[in-house]
Structure formats: C-alpha cells, structure tokens
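# Survey of secondary and tertiary structure
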Amino acid sequence: MMESNYIKIFTGSFIIVQHITDNLKEIGINSIVKDDTESARLGGYGGGIVPGFQEIFVNKDELDKAIPIVEEIVANIKD
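Residue numbers here run from 1 along each chain, matching the order of that chain's written sequence. Reporting in this predicted model follows two pLDDT cut-offs: at least 70 for local features of residues, and 80 or more for side-chain atom pairs to be given and counted; totals over whole chains, interfaces and linings ignore these cut-offs and use all residues. For the side-chain quantities, the full set of heavy atoms in the structure was used; hydrogens and water were omitted.

### Some remarks on the pairing of strand β3 (residues 53-59)
The cut-off we apply is this: Burial classes follow relative accessibility: with a 1.4 Å probe on protein chains only, a residue under 20% of its type's maximum area counts as buried, one over 50% as exposed, and anything between as partly exposed. The helix count covers DSSP runs of H or I at least four residues long, the strand count covers runs of E at least two residues long, and both are numbered beginning at the N terminus. Two strands form a pair only when DSSP identifies at least two bridges running between them.
Counting buried positions over the 7 residues of β3 gives 6, a clear majority of the element. Bridge count between strand β1 (residues 6-13) and β3: 7 bridges; the pairing is antiparallel. Paired with S13 across the two strands is F53, which belongs to β3. Relative to β3, strand β2 (residues 32-34) runs antiparallel, the two being bridged by 3 bridges. Its bridge partner lying in β3, K34 is registered against E55.

Laid out in structure tokens, this is it:
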C-alpha cells in the first residue's frame, strides 16, 4: 500500500469545510477535500453514511500552519 504525504485535519459540513479551505488558501496551503457521498452518488452507488460531510487533507509538511486555522474556526463556531 502506498503511503500518503497528506493527513486529515477536519471532517464536517460543506459550509465549514469551505470556510476552512478558503482560510488555508489565503496563507498558501492547498488542501484536498474528499466527499465520499458525492463520489458515491456520481458513481451510481447512492449516498454515504453521513451525507453532506466532507474531509480536509493537507500535506504533512504544512500541518503546523493548518491546525491553528482549523482550531480558530471551530472555536468560533462553538461560541
């Protein structure tokens, strides 16, 4: 099995994922968004376990810069 240089940093709704990826892009981090529900739908397999949830992955080298962005956004949501 091939090892990836990417690590998952967040799982959540489309709106929060968009907010996080926009903020990451502002500081020069290109993230990858994985949406199993949409992939299954496009493949003709129906929905996923939790529809509407997406995952954000970043390169392991950028993890230290990405985590504070996620933590700040999640903290503001809970307030």
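### Here we look at the side chain of N59
We count it as follows: In what follows, a contact means two residues having at least one pair of non-hydrogen atoms within 4.5 Å.
Residue placement: N59 occurs in strand β3. By relative accessible area, N59 is classed as buried at 18%. Leave out the neighbours within four places in its chain, and N59 touches N5 and Y6.

### Structural notes on helix α1 (residues 14-26)
The condition is simple: A helix is expected to span 1.5 Å for every residue after the first. This arc corresponds to the set of directions leading from the helix axis out to the C-beta atoms.
Here α1 contains 13 residues, and its C-alpha end-to-end distance of 18 Å stays within 8% of the 18 Å for a straight helix at 1.5 Å per residue. Regarding α1, the residues found buried are V17, I20, T21, N23 and L24. Across the axial projection of α1, the buried residues extend over an arc of 160 degrees, all falling on one side. Residues of α1 that are exposed and point over 90 degrees away from its buried face: I15, K25 and E26. Looking at the residues trailing α1, positive phi occurs at G28, about 85 degrees.

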